[in-house]
Amino acid sequence: MTSLLDSKQLFEMNWPAVRSGVTPLHDKERACHPLRQFVVKVHSRCNLSCTYCYVYELADQSWREKPRVVSLSTLRQTALRIAEHVAAHQCPMVEVVLHGGEPLLCGASFIRTAVTLLREAVPVDAGLSVRLQTNGTLLTQRMLAVLHEHNVMVGVSLDGTPRTHDAKRKYAAGQGSYHLVSAALRRLATERYSSIYSGILCTIDVAADPIETYESLAEFAPPRVDFLLPHANWSVRPALPAVRYGEWLSTVFDRWYEQRTQETRVRLFEEIIHLLLGGHSSSEVIGLSPVALAVVDTDGSIEQVDTLKSAFQGAPDTGMNVFTHSFDDVLKHPAIVARQIGERALSDTCLACPVGKICGGGYYPHRYSAGEGFRNPSVYCEGLRYLIEHIARRIRADLRKHSIC
């Protein structure tokens, strides 16, 4: 495990501006934003072997050293730390996401126990919401019944059509998983379970038809779709030029936006529209809102967002653990501070960009460059700008048409 000192040294190595005093890490006037989302890794392994997985296939390989299943003592201590943080900051709402690996490998009984521990520890008035993100292959009728009984919201990963999905999201032996995932989504969308259906997570493939991809997802009536860019950075570039991803997403936006009756919500598009109209983002993928997320791995170690594993070995580490540190301690970690100071942490390129405050520099893991760290624009910069400007044109045109501006 990375120590706290090693973690801070890693941060300084990968954020050179800290050494030159550009990032005010010790600014006593800095507003401290409490954590609102806790991603709890309940199982460190997965039954799929997805080609792009940031946990198993990319730079950080720490999963090999983690316990397969979180112990009840670690889970109980995590719950107590969350309760402690909620009480200290009087948080009106907090979210716990059961994650992996594949969390459903724990089995229905363990999931029931985990949720019970969390709900018993966190005060009722904290508005605790429990979610679970799954690949869908183990989302059986029995599992759904347990999740429904305990009011656990369920998100499922699906990458579009059977052909697109099975090309990337498959078992180690090579067979695809679409048939199982699609069956699970149909069960989840039924009247009996629709109340716990949170939506679909889709990693985009620009080689796939964007309209066909969107419509194949919409068939499952998801309350919301989250489109994700494949994990890449300046040292490990995307498969295609960044602008292609913006063009792909813009095509989907037009299809979604032009519907008279909304089929589903699309988080990325809604966030951009909200920001363009003067609002704030609720996601760390876009905009300048302070990070409010921490990850607890199966050994109790506390990490930053785990998609940082795509950057380099040890990238998400804080050197902290739920048995020895509070979540208030995590808020003082320089890497968290740097992600709570808004535009002061952006690169000069982003500060000079006309859509910089909308984009917010892009998703943090996608800014990494070996030797230069994270104080860069996203490697998808051109694509994000293309998408934001495309959406802005559509919104402005509609506002003019209705004489609002």
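Everything below is about the structure shown above.
Reading the values: the criteria
- Residues numbered from 1 in each chain as written.
- Predicted model: local features only at pLDDT ≥ 70, side-chain atom pairs only at ≥ 80, totals over all residues.
- Heavy atoms only, no water.
- Salt bridge = Lys/Arg side-chain N within 4 Å of Asp/Glu carboxyl O.
- Helix = DSSP H or I, 4+ residues; strand = E, 2+ residues; numbered from the N terminus.
- Buried < 20%, exposed > 50% of the residue type's maximum accessible area, 1.4 Å probe, protein only.
- Arc of directions from axis to C-beta.
- Contact = heavy atoms within 4.5 Å.
- Axes fitted to C-alpha atoms, helices over the stretch in contact; angles between N-to-C directions.
- Parallel < 35°, antiparallel > 145°, perpendicular 65-115°, else oblique.
- Left-handed = near helix turned anticlockwise from the far one by under 90°.
- Nonpolar A, V, L, I, M, F, W, Y, C, P; charged D, E, K, R; others polar.

Asker: Pulling in residues and values, what's your account of the pattern of salt bridges?
Answerer: Under the definition given, this model contains 19 salt bridges. Across the salt bridge formed by Arg394 and Asp254, the nearest N and O atoms sit 2.8 Å from each other. On the criterion of sequence distance, the pair formed by Arg394 in helix α14 (residues 381–401) and Asp254 in helix α8 (residues 242–257) is long-range, its members being 140 residues apart. On the basis of relative accessible area, Arg394 is assigned to the partly exposed category, the value being 23%. In this structure, Lys401 engages Asp398 in a salt bridge whose closest nitrogen and oxygen atoms are separated by 3.5 Å. With Lys401 and Asp398 both in helix α14 and three residues apart, the pair spans about one turn of that helix. A relative accessible area of 60% places Lys401 in the exposed class. One network of salt bridges, with partners in common, ties together Arg224, Asp226, Arg267 and Glu271.

Asker: How would you sum up helix α6 (residues 178–188)? Please name residues and give values.
Answerer: For α6, the full list of buried residues reads Tyr178, Val181, Ser182, Ala184, Leu185 and Leu188. Looking straight down α6, one finds its buried side chains confined to an arc of 160 degrees; they lie on one side. Residues of α6 that are exposed and point more than 90 degrees away from the buried face comprise His179 and Arg186. Residues of α6 that are buried sit in contact with α4 (141–149), β4 (152–157), α5 (162–168) and β5 (197–203).

Asker: Pulling in residues and values, what's your account of the packing of helix α2 (residues 72–89) against helix α3 (residues 108–121)?
Answerer: Between α2 and α3, the least distance of the axes is 8 Å, while the angle of their chain directions is 30 degrees. The pairing of α2 with α3 is recorded here as roughly parallel in orientation. Seen along the crossing, α2 lies across α3 with a hand that is right-handed. On the side of α2, the interface is formed by Leu72, Leu75, Arg76, Ala79, Leu80, Ile82 and Ala83, while α3 contributes Phe110, Thr113, Ala114, Leu117, Leu118 and Ala121. In the contact of α2 with α3, the residues fall into 11 nonpolar, one polar and one charged.

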